[in-house]
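Reading the structure
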Amino acid sequence: MDDKNFRGRTAIMSGGSRGIGLAIARAIARRGGNIVLLAKTDTPDPRLPGTIHTAVDELNGLGGHAIPVVGDVRSDDDIARAVAAAVEHFGGIDIVVNNASVLDISKTEDLTMKRFDLMQQVNVRGTFALTRACLPHLRVSANAHVLTLSPPLNFSPHWLGAHPGYMLAKYGMTLAALGIAAEYSGAPISSNCLWPETMIATAAVGNLLGGDDSIDHSRSPEIMADAAVEILGRPAGTDTGRTVLDVEILRETGISDFSQYGGLSPLAIDIFVDAPSH
């Protein structure tokens, strides 16, 4: 993946102070890219390492050019500030990474409407609003990409019924990305969705999806980062409207051994993904 050059390209990302988002931002930074992070984590959380400021310091140390915008993807004003910062500091926007997401896998009767609304506002509205605000700049980019971290639309009864509130929020992100791909197919602006085949070893997985045991059987965030820069490094318009797993993208590059990304056997398969048949 190291041959992908992001010098002169500017990415704006929702979230990104930790986890998969930060791993993708690191991969862009290592390749010389510019990054604007729009995230809320201004001060440390005892349960979750890292803030937007520590993330930006790390990205700049890796050779990228990163700036923080402390804000909430639910706020149109905060989104506008992030877009303005990207244009002011770097001259435009070439990449949007819709990373910010709220996870709540409560059953329907256990899910409060407050939490339901939060997931819809951050996941669906946030994805749509950030992408929408960046479109005027993406349309004049030489290589415009929107990458949304959301799953393929799996309509099996199991996944439809496992946690409908979260399903609606994540599938809404996917539908938004597919809608943008179709609407702007002639621009060209590539809009794709990327999702991990397995659980990814992040603090969120440890805190919300099974603790240390889940972490031990999860791959590292770098598998998502490598898949993301592969997609984002392709010419806009050649690949768009896809909902792909990290391993599918990496297989297209000739990688078939994913052991470098860790995880004890049996690997924990991620939400919305059917266990592989092989």
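This write-up is about the structure you can find in this document. Just so it is clear, the structure is predicted and the values come from calculations on it, not from any experiment. (Residues numbered from 1 in each chain as written. Predicted model: local features only at pLDDT ≥ 70, side-chain atom pairs only at ≥ 80, totals over all residues. Heavy atoms only, no water.)

**Some remarks on the overall build of the protein chain**
A count of helical and extended segments in the protein chain gives 10 helices and 7 strands. Relative to the 2.2 N^0.38 estimate, which gives 19 Å for 278 residues, the radius of gyration of the protein chain is 17 Å and therefore close to what a compact globule would have. Judged by the C-alpha coordinates and their principal axes, the protein chain covers about 45 × 45 × 40 Å. The buried share among the 278 residues of the protein chain stands at 54%. Look at the contacts in the protein chain between residues 6 or more apart in sequence, and 74% of them connect residues 24 or more apart. Across the protein chain, the mean location of the 22 positive side-chain charges is 4 Å away from that of the 31 negative side-chain charges. (Helix = DSSP H or I, 4+ residues; strand = E, 2+ residues; numbered from the N terminus. Rg over C-alpha atoms; globule rule 2.2 N^0.38 Å. Buried < 20%, exposed > 50% of the residue type's maximum accessible area, 1.4 Å probe, protein only. Contact = heavy atoms within 4.5 Å. Lys, Arg positive; Asp, Glu negative; His and termini not counted. Charge placed at Lys NZ, Arg CZ, Asp CG, Glu CD.)

**Looking at the pairing of strand S2 (residues 34-39)**
Where burial is concerned, most of S2 is hidden: 6 out of the 6 residues are buried. Residues of S2 alternate between two faces, with Asn34, Val36 and Leu38 on one and Ile35, Leu37 and Ala39 on the opposite face, all of them buried. Bridge count for strand S1 (residues 10-14) against S2 is 5 bridges, and the pairing is parallel. Note that in S2 the partner of Ala11 across the bridge is Ile35. The handedness of the S1 to S2 crossover, carried by helix H1 (residues 19-30), is right-handed. Looking at chain direction, S2 and strand S3 (residues 65-70) are connected through 6 bridges and run parallel. Along S3, the bridge assignment pairs Ala39 with Val70. Where the polypeptide runs from S2 across helix H2 (residues 52-61) and back to S3, its parallel neighbour, the crossover connection is right-handed. (Pairing = 2+ DSSP bridges. Right-handed = clockwise from strand over helix to strand, strands pointing away.)

**Observations concerning helix H9 (residues 222-232)**
Buried residues dominate H9, accounting for 10 of its 11 residues. Within H9 the residues assigned to the buried category are Ile223, Met224, Ala225, Asp226, Ala227, Ala228, Val229, Glu230, Ile231 and Leu232. Buried residues in H9 make contact with H1, strand S4 (95-98), strand S5 (144-148), strand S6 (189-195), strand S7 (243-245) and helix H10 (246-252).

**Regarding the sheet that holds S4**
In space, the 7 strands of this open sheet follow the order S3-S2-S1-S4-S5-S6-S7, with parallel pairing throughout. Edge positions in the open sheet fall to S3 and S7, since each of these has one partner strand only. For this sheet, the mean inter-axis angle between neighbouring strands, taken without regard to orientation, is 20°. Of the pairings in the sheet, the one linking S6 to S7 comprises 3 bridges and is parallel in character. Considered in S7, the bridge of Leu194 is made with Val244. (Axes fitted to C-alpha atoms, helices over the stretch in contact; angles between N-to-C directions.)

**With respect to the packing of helix H4 (residues 113-138) against helix H6 (residues 164-183)**
Relative orientation and spacing of two packed helices are given, respectively, by the angle between their axes and the distance between those axes. Two elements in contact, H4 and H6, have axes whose closest approach is 8 Å; the angle formed by their N-to-C orientations is 10°. When the axis of H4 is compared with that of H6, the two are roughly parallel. For the pair H4 and H6, the contacting residues are Phe116, Met119, Gln120, Asn123, Val124, Thr127, Thr131 and Leu135 in the first and Gly165, Tyr166, Leu168, Ala169, Lys170, Gly172, Met173, Ala176 and Ile180 in the second. A class-by-class count of the residues in the contact of H4 with H6 yields 10 nonpolar, 6 polar and 1 charged. (Parallel < 35°, antiparallel > 145°, perpendicular 65-115°, else oblique. Nonpolar A, V, L, I, M, F, W, Y, C, P; charged D, E, K, R; others polar.)

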